[in-house]
Amino acid sequence: MRKMWGSSLVFQCLIKPPVKKNTIPIDLKLHNDIRAVERARFAHQVAEKRRLIKQYKMERERQQKLEEQEEIKRLRKEMIPKAQLMPYFDRPFVPRRSEKQPTVPREPKFCIPRHKTIRCCRMSCNDMSGPSQLQHLPSSVEKTEALYKNRGLQ
């Protein structure tokens, strides 16, 4: 019995385990790969856009150059040299009198208003004693009255 027990143990140890299927690796989608594809697509769009802009600029420059050439041709056809007229020397230039009214002169204001005088000047004028040292400047009213009297208009 012992042998049987031992042989079955040996037999059980020699049995191979069932064979498993090979594991299939999962295709990983890394963010770097996705970003690289998007970046390549974007770079292609930018290159296409730049190519279109360059083509548009070249077409625009070509159109502008053609327009300028057409304009030059048209101006050359229209330009006919013309002689300038001679001025009339038999009639001398006589200036005419102006129709505007002459300006009315105003007398300058020699008086400085009291609020605009400097304090030191006011104090020095006040400190002076006697009327002989103070000069009296006639006001504009006194000047106009004197003019009226001289002309006899009053």
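Residues numbered from 1 in each chain as written. Predicted model: local features only at pLDDT ≥ 70, side-chain atom pairs only at ≥ 80, totals over all residues. Heavy atoms only, no water.

Draft legend 1. Up close: the pattern of salt bridges. Enumeration according to the criterion identifies 4 salt bridges in this entry. Between E59 and R62 there is a salt bridge, and its shortest N-O distance comes to 2.5 Å. In this pair, E59 and R62 are both assigned in helix α2 (residues 31-78), 3 residues apart and thus about one turn of the helix distant. Taking relative accessible area as the criterion, R62 reaches 43% and is therefore assigned partly exposed. In this structure, R74 and E78 form a salt bridge, with 2.9 Å as the shortest nitrogen-oxygen distance. Remark: E78 and R74 occur in helix α2; sequence separation between them is 4 residues, near one turn of the helix. Each of E71, R74 and E78 takes part in a single network of salt bridges with overlapping partners. (Salt bridge = Lys/Arg side-chain N within 4 Å of Asp/Glu carboxyl O. Helix = DSSP H or I, 4+ residues; strand = E, 2+ residues; numbered from the N terminus. Buried < 20%, exposed > 50% of the residue type's maximum accessible area, 1.4 Å probe, protein only.)

Draft legend 2. Region of the structure containing the confidence of the model for the protein. Per-chain confidence: the protein averages 78 in pLDDT, with 73% of residues scoring 70 or above. When mean pLDDT is taken per element in the protein, α2 scores highest with 95 and helix α3 (residues 119-127) scores lowest with 52. (pLDDT = per-residue confidence, 0-100.)

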